[in-house]
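# Structure assessment
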Amino acid sequence: MQIFGLDIGGSGIKGAPVDLDRGDLAQERFKVLTPHPATPDGVADGVKQVVEHYGWTGPVGLTFPGVVTDGSTIRTAANVDKSWIDTDARALFSERLGGHPVTVVNDADAAGVAEMHFGAGRDRRGTVILLTFGTGIGSALFINGALVPNTELGHLELHGHDAEKRASSKAKEDEELTWEHWAHRVQKYLAHVEMLFSPELFIIGGGVSRKSHKFLHYIEGIQAEIVPAQLQNNAGIVGAAMHAAEQAG
Ligand code: BGC
């Protein structure tokens, strides 16, 4: 079975039809840049372009980079325009896509669900935390395979700062940090998350998961196992489609 998965990020809006049996993209993904400012209207246009690129008319699962409650209402907007707050995202996207059924889920939660099913978290019990490092830091917390949604661990306070402002991959780029320097910040962040949750496993996702050989060896003193995400940057798209399939029953 195929469902369209679409991942809205701080820098790009990317999607593709997803093969839910294999947990992989059924076609090469297509991406448009996230508009700036990333208003509901501008992002909805980007979403429409990506879906229309494939002539897709079926159900669409979307991710959003903020807290999503009731499967639709946006509650936070750290890296997109603040006018998203209290927007009924499902109604907005469904209307813009000409009435297709749509679902909306937090981006890191979607990536986590995909990794737990098809990737680095498969068959893992206990406490597992997936962290995505990109424009912000996203988190997905699993207890014996069950997701605790909207955990927002990227906004933990670390040395008086919002953690994602120090340790996201955007912080690495903006401050031109070396891999070693950035890994040191990530290590402090992981130590803090470990102190709170004592997970068995950390899965490192987001764009940097492809480059884990450049920084994972610098991270020391963490008890939990640390592994890169296996679906890499497609985890959000796959997880968005899985969420849509689950909602459709
Ligand atoms: C948002 C999260 C999101 C993460 C990654 C954070 O700033 O608050 O909801 O998962 O960025 O996009």
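Right above here is the structure, for reference.
About the cut-offs
- Residues take numbers from 1 onward in each chain, read along the sequence in its written order.
- Local features in this predicted model are restricted to residues of pLDDT 70 or higher, and side-chain atom pairs are both shown and tallied only at a pLDDT of 80 or more, whereas totals for entire chains, interfaces and linings draw on every residue.
- Based on all heavy atoms of the structure, the side-chain values leave hydrogens and waters out of the count.
- Buried, partly exposed and exposed residues are distinguished by accessible area as a fraction of the type maximum, computed with a 1.4 Å probe on protein chains only: under 20%, between the cut-offs, and over 50%, respectively.
- The way it works is that DSSP assigns letters per residue, a run of H or I at least four long becomes a helix, a run of E at least two long becomes a strand, and they are numbered from the N terminus.
- The rule for pairing is simple: two strands pair if DSSP sees at least two bridges between them.
- Residue contacts are counted whenever heavy atoms from the two residues lie within 4.5 Å of one another.
- Between the N-to-C directions of two axes lies an angle of 0 to 180 degrees, each axis being a line fitted to C-alpha atoms and, for a helix, fitted only over the stretch in contact.
- Here the angle decides the label: under 35 degrees means roughly parallel, over 145 means roughly antiparallel, 65 to 115 means roughly perpendicular, and every other value means oblique.
- Working rule for handedness: look at the near helix, and if it is turned counterclockwise from the far one by less than a right angle, call the crossing left-handed; if clockwise, right-handed.
- Just so you know the grouping, Ala, Val, Leu, Ile, Met, Phe, Trp, Tyr, Cys and Pro go in nonpolar, Asp, Glu, Lys and Arg go in charged, and all remaining residues, Gly too, go in polar.
- Residues are counted as near a molecule or strand when any one of their heavy atoms sits within 4 Å of it.
- A 3.5 Å cut-off defines polar contacts: any pair of N or O atoms within that distance qualifies, except that in protein one atom must be a possible hydrogen donor and the other a possible acceptor, and neighbouring residues in sequence count only when both atoms are side-chain atoms.
- All accessible-area figures derive from a Shrake-Rupley calculation using a 1.4 Å probe, and residue coverage is judged against the displayed protein chains alone.
- Marked domain ranges trace back to an automatic or database domain assignment.
- By convention in these notes, a salt bridge is any Lys or Arg side-chain nitrogen within 4 Å of a carboxyl oxygen on Asp or Glu.

Taking burial as the measure, the five residues of strand E5 (residues 60–64) include five buried ones, the bulk of the element. Residues Val 60, Leu 62 and Phe 64 of E5 are buried on one face, and the alternating residues Gly 61 and Thr 63, pointing to the opposite face, are buried as well. Both E5 and strand E8 (residues 102–106) contribute to a ladder of five bridges, which runs parallel. Paired with Thr 63 across the two strands is Val 105, which belongs to E8.

Along the chain, the position of His 100 falls in the loop between helix H2 (89–96) and E8. Discounting chain neighbours no more than four positions away, the residues touching His 100 are Trp 56, Thr 57, Gly 58, Val 60 and Ser 94.

Looking now at the environment of Val 68. Summarising the element assignment, Val 68 is placed in strand E6 (residues 68–69). The exposure class of Val 68 is buried, given its relative accessible area of 8%. Residues contacting Val 68, with those up to four places away along its chain left out, are Thr 73, Ile 74, Val 104, Val 105, Asn 106 and Asn 150.

The geometry of helix H1 (residues 40–53) relative to H2 is characterised by a closest axis approach of 9 Å and an angle of 50° between their N-to-C directions. As judged from the angle between their axes, H1 and H2 are oblique. Here the hand of the crossing between H1 and H2 comes out right-handed. Of H2, the residues touching H1 (which contributes Pro 40, Asp 41, Val 43, Ala 44, Asp 45, Val 47 and Lys 48) are Leu 92, Phe 93 and Arg 96. Residues of the contact of H1 with H2, tallied by class, amount to six nonpolar, no polar and four charged.

A word on the site of the ligand. Taken together, Pro 65, Gly 66, Ala 78, Asn 79, Asn 106, Asp 107, Ala 108, Ile 137, Gly 138, Glu 152, His 155 and Glu 164 make up the full set of residues adjacent to the ligand. Note that an oxygen atom of the ligand is positioned 3.3 Å from one of the backbone N or O atoms of Gly 66. Glu 152 is positioned with one of its side-chain polar atoms (N or O) 2.4 Å from an oxygen atom of the ligand. The fraction of the free accessible surface of the ligand (310 Å²) that becomes covered by protein chains is 94%. Those elements that place two or more of their residues in the shell around the ligand are helix H3 (107–118) and strand E10 (137–143). A per-class count over the shell around the ligand returns four nonpolar, five polar and three charged. Each of domain 1 (2–109 + 234–248) and domain 2 (120–232) accounts for three or more of the residues forming the shell around the ligand.

This part is about the pattern of salt bridges. Evaluated as defined, the whole model comprises 12 salt bridges. For the salt bridge of Asp 7 with Lys 14, the shortest nitrogen-to-oxygen distance reads 3.7 Å. Accessibility assignment for this pair places Asp 7 and Lys 14 in one class, buried. Across the pair Asp 86 and Arg 75 runs a salt bridge, and its minimum N-O distance is 3.3 Å. Taken together, the positions of Asp 86 in the loop between strand E7 (73–74) and H2 and Arg 75 in the loop between E7 and H2 put the pair 11 residues apart, joining distant regions of the chain. By relative accessible area, Asp 86 is classed as exposed at 53%.

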